[in-house]
Amino acid sequence: MTAAKLVIGNWKLNGEVARVRAFAQRAARDWPGCEAALCVPHTMLAAAQAAFGATPLRWGAQDCSAEDEGAFTGEVSARMIREFGARYVLVGHSERRTALGETDGQIVAKVQRALAAGLTPIVCIGEKAEERDGEQTAMVLRRQLLQLVRALQGGLASVVVAYEPVWAIGSGDAATPGMIDHTLGFIADTLAFHGGVSAGAVRILYGGSVHPRNAGAILSRKSVAGVLVGGASLVPDDFIEICKAAARCSAPRHEIHIQQGSVSAQ
Ligand code: 13P
């Protein structure tokens, strides 16, 4: 597994150009040295390119079309997103699966478009509360992954997977580090078994109520390649604090010790 932990912010339907510029100013002044990107609304991609281009902060979009071009009113293609210098695109976020009925098949098509355009797709998967309570988590995650694995095969290592339990998103209660370890281990095993990728070849992130106060404990887990952050990515101080935790936990070959809830690297 790569030692550098990745921090991705998802602004959802929030923000404005002024906030993009505020983040850029903050990143230029005080950057902890981790790999990080903000996935902004499409309308802010031009501002992100202009403002983040001179900083270590990267940028991305929150969705792309499953189509490349044509009569698809309102759609935005991966190629169009790439034109703004974006590096990442979120695909299959649970809010889109639920509110817009996105299917695993559409999500695979979007991932393929993103890869073809030179973007790194971040594929979001996760179970709902009732699925967790019905002990269906493994079944749901396997179903969400299998079409993707079969369609991509060799391209799988270019994808980032984000495990976001739907019950943790926006709830203030993240999954515990133990639960995260267990589930990310299952996802890695599924990718290895069905996709033939070696353990650690695919970066797997955790998302769902990641905040400055829990980021260190989550990012210190070996299984966690990074975090996908919603609400806390809208506040520069909070986002930078999470990036600092990622930078600490990325320290190459340093042992991470958790003592009384705090994390230190030695
Ligand atoms: P929160 O961090 O606000 O829980 O949102 C998580 C999320 O959905 C990121 O994609």
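What you are looking at is a predicted structure, and each value in this text was computed from that prediction instead of being measured. Numbers given to residues run from 1 along each chain, matching the order in which its sequence is written. Restriction of local features to residues with pLDDT of at least 70 applies here, the model being predicted, together with a cutoff of 80 or more for giving and counting side-chain atom pairs; totals for whole chains, interfaces and linings are based on all residues. Think of the side-chain values as coming from all heavy atoms in the structure, minus any hydrogens and water.

Enquirer: Is there a simple way to explain the overall build of the protein in this structure?
Expert: Here a strand is any run of E in DSSP of at least two residues, a helix any run of H or I of at least four, and the numbering for each starts at the N terminus. Each helix and strand counted, the protein has 10 helices and 10 strands in total. A radius of gyration in this sense is built from C-alpha atoms; the matching globule rule multiplies 2.2 Å by the number of residues raised to 0.38. Computed over C-alpha atoms, the radius of gyration of the protein comes to 17 Å, within 12% of the 18 Å expected from 2.2 N^0.38 for 266 residues, which places it in the range of a compact globule. Categorising residues by exposure relies on relative accessible area from a 1.4 Å probe, with only protein chains included: less than 20% of the type maximum marks a residue as buried, more than 50% marks it as exposed, and the intermediate range marks it as partly exposed. Residues counted as buried form 50% of the 266 residues belonging to the protein. In the protein, 71% of the contacts between residues at least 6 apart in sequence involve partners at least 24 apart. Shrake-Rupley sampling with a 1.4 Å probe provides the accessible areas, and residues are treated as covered by the protein chains on show and by no other component. With an accessible surface of roughly 11,800 Å², the protein has 50% of that area assigned to carbon and sulfur atoms. In the protein, the 26 positive side-chain charges and the 25 negative ones have mean positions that sit 5 Å from each other. Whether two residues touch is decided by their heavy atoms; if any such pair falls within 4.5 Å, the residues are in contact. Think of it this way: Lys and Arg go in the positive column, Asp and Glu in the negative one, and His and the chain ends go nowhere. Here the site of a charge means atom NZ of a Lys, CZ of an Arg, CG of an Asp or CD of a Glu.

Enquirer: Looking at this model, I keep getting lost on helix H8 (residues 177–195). Mind explaining?
Expert: Each turn of an α-helix holds 3.6 residues, which means side chains three or four residues apart point in the same direction. By this rule the span expected of a helix is its residue count minus one, scaled by 1.5 Å. Given a rise of 1.5 Å per residue, 19 residues ought to cover 27 Å, and the 26 Å separating the end C-alpha atoms of H8 matches this to within 8%. Listing the buried residues of H8 in full gives Ile-180, Thr-183, Leu-184, Ile-187, Thr-190, Leu-191 and Gly-195. Burial along H8 is one-sided: seen end-on, the buried residues are contained in an arc of 115°. What points out from H8, more than 90 degrees from its buried face, is the exposed set His-182, Asp-189 and Phe-193. Structurally, H8 contributes buried residues whose contacts are with strand E5 (120–125), helix H7 (137–152), strand E6 (160–163), strand E7 (203–207) and helix H9 (212–219). Immediately beyond the C-terminal end of H8, within one or two residues, lies Gly-196, with a positive phi of roughly 70°. Note that the arc is computed from the directions linking the helix axis to the C-beta atoms.

Enquirer: Is there a simple way to explain the site of the ligand in this structure?
Expert: Consider each residue's heavy atoms; a residue with any of them within 4 Å of a molecule or strand counts as near. In the vicinity of the ligand, the contacting residues are Asn-10, Lys-12, His-93, Glu-164, Ile-169, Gly-170, Gly-208, Ser-209, Leu-228, Val-229, Gly-230 and Gly-231. In this structure, Glu-164 approaches the ligand through a side-chain N or O atom, which is 2.9 Å from an oxygen atom. In the model, an oxygen atom of the ligand is placed 2.9 Å from a nitrogen or oxygen of the Gly-231 main chain. Starting from 310 Å² of accessible surface for the ligand in isolation, the protein chains cover 95%. Put simply, Ala, Val, Leu, Ile, Met, Phe, Trp, Tyr, Cys and Pro go in the nonpolar bin, Asp, Glu, Lys and Arg in the charged bin, and everything else, Gly too, in the polar bin. Partitioned by chemical class, the residues of the shell around the ligand number 3 nonpolar, 7 polar and 2 charged. Under the rule applied, a polar contact is a pair of N or O atoms within 3.5 Å (in protein, one hydrogen donor and one hydrogen acceptor; residues adjacent in sequence only if both atoms are side-chain atoms).

Enquirer: Can you help me understand the packing of aromatic side chains in this one?
Expert: Aromatic ring pairs are reported here in terms of the distance separating the ring centres and the angle at which the planes meet. Any Phe, Tyr or Trp ring, taking Trp's six-membered ring, that has another such ring centre within 6.5 Å forms a pair; planes under 30 degrees apart are called stacked, those over 60 apart edge-to-face, and the others tilted. For the coordinates displayed, the defined rule picks out 4 aromatic pairs. Considering the side-chain rings of Phe-52 and Trp-59, the 6.4 Å spacing of their centres and the 50° angle between planes classify their relative orientation as tilted. Residue Phe-52 is classed as buried on the basis of its relative accessible area of 0%. Judged by relative accessible area, Trp-59 falls into the buried class, the value being 5%. Of the aromatic side chains, those joined through ring pairs into one cluster are Trp-11, Phe-23 and Phe-239.

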